[in-house]
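A closer look at the structure
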Amino acid sequence: MGFNTDLLHAGKIKDSKGATLPPIYQSSAFEQETSEDLAGIFGGRKMGFCYTRVANPTVSAFEERINKLEGGLASVACASGMAAISMALLNILQAGDEIISSASLYGGSIDLFRDIEAFGIKTIYVKNNDWDEIEKSFTEKTKVVFAETIGNPCLDVTDIDKLAEIAHSHGVPLVLDNTTATPYLVKAIEHGADIVVNSSSKYINGSSNSISGILTDSGNFKWTKDRYPVLGEYLKFGKFAFVSKLRNGLYRNVGVCLSPLNAYLNIIGLETLGLRMDRQSDNAYRLAKWFEENYKDIKVNYPGLESSDWHDVAKRVLKNGFGGILTIRVGSKERAFEIMNKLQIPYILSNIGDTKTLVVHPSSTISLHSTEKELEDSGVYDDLIRISVGIEDIDDLIADFKQAIN
Ligand SMILES: *Cc1c(COP(=O)(O)O)cnc(C)c1O
């Protein structure tokens, strides 16, 4: 089936009573007929549900659908995008290990990587797509390569095929944050990513009504005992090693489960992902083009423009469009604030992927705690506005930006 058909029908989420959406199983625990049945579920000998921190039918329906869309082996839904990133990494790392990561990351991920230094896990930052620098950064301790498909807010586009190839040549997996692109713009597993993470709070949900995240394991990476001793007894499950360890370990023990109601809201949002991404990519392109053609004193950055340093990679990696996010540099922080304050339609808030257009001044908000080096790496400047373009009528958006600038 095509992507838009899968958005509506993939996975076994048919309800026995005929409901067209999966029921919200808002229950903490699930009763079994016999003690033997419950013991069987606990022992992993019987399929079923016992406790929502471990698994829940509505959450499973969301996981199955995402797994189908990403083309993975299995997906695990979490309480937030940050929880999903934490799980993807901590499931395979231990003290003494190193992460090689693209430097142009979402601020929350940079903060997380700083937090886990206390547990002996170090991150080496590299410039995205700088293959020499990336090659040189590998050591015996490197256990994972991490990047974002479209860096936020740098808007650099990762050459996933090439990065996966380098990671694999060193015997380590590529974990990719695909939040800004979503599986609609790129099926990252087909390009070699081993574990794909999405903050489903953004485009997947679409209306900003639930914080949530989901990771998908391709099942393709060959875990070995020498390099990944933390996978321990789970290595015997072969391609299921990663997911079995996560589900039986950190996922349930840290307690990062997604609530059934939020899973349900995500399933509804997901149905229109294709339509929304088409419209948002189109609106973002038109708005970016309009800035470029009309304002000599405004510097616009959008991977869909030929003027973007990442346009060629973007054309190779992304299909169906170049995403809904662009940035503009307007000369000064004062002018950035003035323009934002005069806008009538966009909301001033720190989020992306909403149906509504959103604007934020990153250097005074989401990047407030970044160092000079981190700001430079993530392409954050004092005069930069990030625009997450919604599905409004483009003429209205253009007219609004025009009056605000004037
Ligand atoms: C928002 C975001 C996250 C974190 O997701 P939450 O759901 O807010 O925890 C991670 N990566 C990227 C690229 C994001 O935009």
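Residues numbered from 1 in each chain as written. Predicted model: local features only at pLDDT ≥ 70, side-chain atom pairs only at ≥ 80, totals over all residues. Heavy atoms only, no water.

**Re the overall build of the chain**
Put simply, the rule is: Put simply, DSSP marks the helices as runs of H or I at least four residues long and the strands as runs of E at least two long, and each gets a number from the N terminus on. Values of the radius of gyration come from C-alpha atoms, whereas the globule rule sets the reference at 2.2 Å times the count of residues to the power 0.38. With a 1.4 Å probe rolled over the protein chains alone, any residue whose accessible area is under 20% of its type maximum counts as buried; one over 50% counts as exposed, and the rest are partly exposed.
A tally of helices and strands in the chain yields 16 helices and twelve strands. In terms of overall size, the chain behaves like a compact globule, its C-alpha atoms giving a radius of gyration of 21 Å where 406 residues would be expected to give roughly 22 Å. In terms of overall dimensions, the chain has a C-alpha envelope of 75 × 55 × 35 Å along the principal axes. Counting only residues that meet the buried cut, the chain has 56% of its 406 residues in that class.

**Re the pairing of strand 9 (residues 325–329)**
Successive side chains on a regular strand alternate, one facing one side of the sheet and the next facing the other. Our working rule: Between any two strands, pairing holds if DSSP finds at least two bridges.
The buried count for strand 9 comes to four of five residues, which makes it a mostly enclosed element. Pairing of strand 8 (residues 299–301) with strand 9, which is carried by three bridges, proceeds in the antiparallel orientation. By the bridge assignment for strand 9, N301 is matched with T327. Strand direction decides the pairing type here: strand 9 and strand 12 (residues 384–388), joined by five bridges, are antiparallel. Within strand 12, the residue paired with I328 across the bridge is I385.

**Here we look at the packing of aromatic side chains**
Test applied: A pair of aromatic rings is counted whenever rings of Phe, Tyr or Trp (Trp by its six-membered ring) have centres within 6.5 Å, and the orientation is called stacked for planes under 30 degrees apart, edge-to-face for over 60 and tilted otherwise. Any Lys NZ or Arg CZ found within 6 Å of a ring centre and within 35 degrees of that ring's normal is scored as a charge over the ring.
Summed over all chains, the structure comprises twelve aromatic pairs. Relative to F146, the ring of F113 has its centre 5.4 Å away and its plane inclined at 80 degrees; by these criteria the two rings are edge-to-face. Of the two residues, F113 is situated in helix 5 (residues 107–115) and F146 in strand 4 (residues 142–148); the sequence distance between them amounts to 33 residues. The residues F113 and F146 share a single accessibility class, namely buried. Where F221 meets W223, the ring centres are 4.6 Å apart and the plane angle is 65 degrees; that geometry is what we call edge-to-face. Neither residue differs from the other here; F221 and W223 are each classed as buried. Through a chain of ring-to-ring contacts, the aromatic side chains of F221, W223, Y228 and F242 assemble into a single cluster. Note that K202 overlies the ring of Y106, its terminal NZ or CZ placed 5.1 Å from the centroid. Lying over the aromatic face of Y381, R329 brings its terminal NZ or CZ to 3.7 Å of the ring centre.

**Observations regarding the nonpolar core**
The cut-off we apply is this: For this analysis, a nonpolar core means a set of buried residues of the types Ala, Val, Leu, Ile, Met, Phe, Trp, Tyr and Cys, connected via side-chain atoms within 4.5 Å. What fixes the domain bounds is an automatic or database domain assignment. The contact criterion used throughout is that any non-hydrogen atoms of two residues lie within 4.5 Å.
Of all hydrophobic cores here, the largest spans 84 residues; its most connected members are F62, L89, I99, L215 and W223. Counting residues per element, this core draws most heavily on helix 4 (residues 81–90), at six residues. Per-domain counts for this core show at least three residues from each of domain 1 (3–269) and domain 2 (274–405). With residues near it in sequence (within four places) discarded, F62 still touches A77, S200, I204, I214, L258, A263, N266, I267 and L270. Membership of the second largest hydrophobic core comes to 27 residues, among which are W290, Y295, V330 and M340.

**So, the environment of L8**
Mapped onto the elements of the fold, L8 is located in helix 1 (residues 3–9). Setting aside chain neighbours within four positions, we find L8 in contact with R65 and E271.

**Quick notes on the site of the ligand**
Convention followed: Residues are labelled near a given molecule or strand when at least one of their non-hydrogen atoms is within 4 Å of it. Whenever a nitrogen or oxygen atom comes within 3.5 Å of another N or O atom, the pair is scored as a polar contact, on the condition that within protein one atom can donate a hydrogen and the other can accept it, and that pairs from neighbouring residues in sequence are kept only if both atoms are in side chains. Working definition of accessibility: Shrake-Rupley area with a 1.4 Å probe, residue cover restricted to the visible protein chains. Only Asp, Glu, Lys and Arg are considered charged in this grouping, and only Ala, Val, Leu, Ile, Met, Phe, Trp, Tyr, Cys and Pro are considered nonpolar; every other residue, Gly among them, is considered polar.
Taken together, the neighbourhood of the ligand is formed by 14 residues, with G81, D177, S199, S201 and K202 sitting nearest. At a separation of 2.8 Å, an oxygen atom of the ligand approaches a polar side-chain atom of S199. A distance of 2.8 Å is found between an oxygen atom of the ligand and a side-chain nitrogen or oxygen belonging to K202. Summarising the interface, the protein chains cover 93% of the accessible area of the ligand, which totals 380 Å² for the free molecule. Top contributing element to the shell around the ligand by residue count: helix 4, with three residues. Its residues placed into classes, the shell around the ligand shows four nonpolar, seven polar and three charged.

**Quick word on the sheet that holds strand 6 (residues 195–199)**
Our working definition: Axis definition: a line fitted to C-alpha atoms, limited for helices to the stretch in contact. Angles are taken between N-to-C directions and run from 0 to 180 degrees.
Across the sheet, seven strands lie side by side as 1-7-6-5-4-2-3; this open sheet has mixed pairing. Two strands in the sheet have a free side with no partner beyond their single neighbour: strand 1 (74–78) and strand 3 (122–126). Between one strand and the next, the sheet's axes are offset by a mean angle of 20 degrees, whatever the strand orientation. The sheet contacts of helix 5 involve strand 2 (98–102), strand 3 and strand 4, and relative to strand 3 the element is tilted by about 140 degrees.

**Things to note about the environment of D377**
Checked against the element boundaries, D377 lands in helix 15 (residues 372–377). Separated by 272 residues in sequence, D377 and L105 have C-alpha atoms that sit 8.4 Å apart. Once residues within four sequence positions are removed from consideration, D377 is found in contact with A103, S104 and C154.

**Quick look at the UniProt feature "modified residue: N6-(pyridoxal phosphate)lysine" (unreviewed entry) in the chain**
Operational definition: UniProt positions are given in the numbering used here, feature names are shortened, and annotations may be inferred rather than shown by experiment.
Within this structure's numbering, the places UniProt gives as "modified residue: N6-(pyridoxal phosphate)lysine" (unreviewed entry) are K202. Residue placement: K202 occurs in the loop between strand 6 and strand 7 (213–217). Using a relative accessible area of 12% as the deciding quantity, one classes K202 as buried. If near-sequence neighbours (up to four positions away) are discounted, K202 is found in contact with T179, N351, I352 and G353.

**So, the domain arrangement of the chain**
Worth spelling out the cut-off: Basic side-chain nitrogens of Lys or Arg form a salt bridge, by our definition, when they fall within 4 Å of a carboxyl oxygen of Asp or Glu.
Here the chain is described as being made up of domain 1 (3–269) and domain 2 (274–405). Taking only C-alpha atoms, the centre of domain 1 and the centre of domain 2 are 28 Å apart. With 36 residues of domain 1 at the interface, the matching set in domain 2 holds 38 residues. Connecting domain 1 to domain 2 are two salt bridges. With its nearest N and O atoms 2.9 Å apart, the salt bridge here joins D159 to R316.

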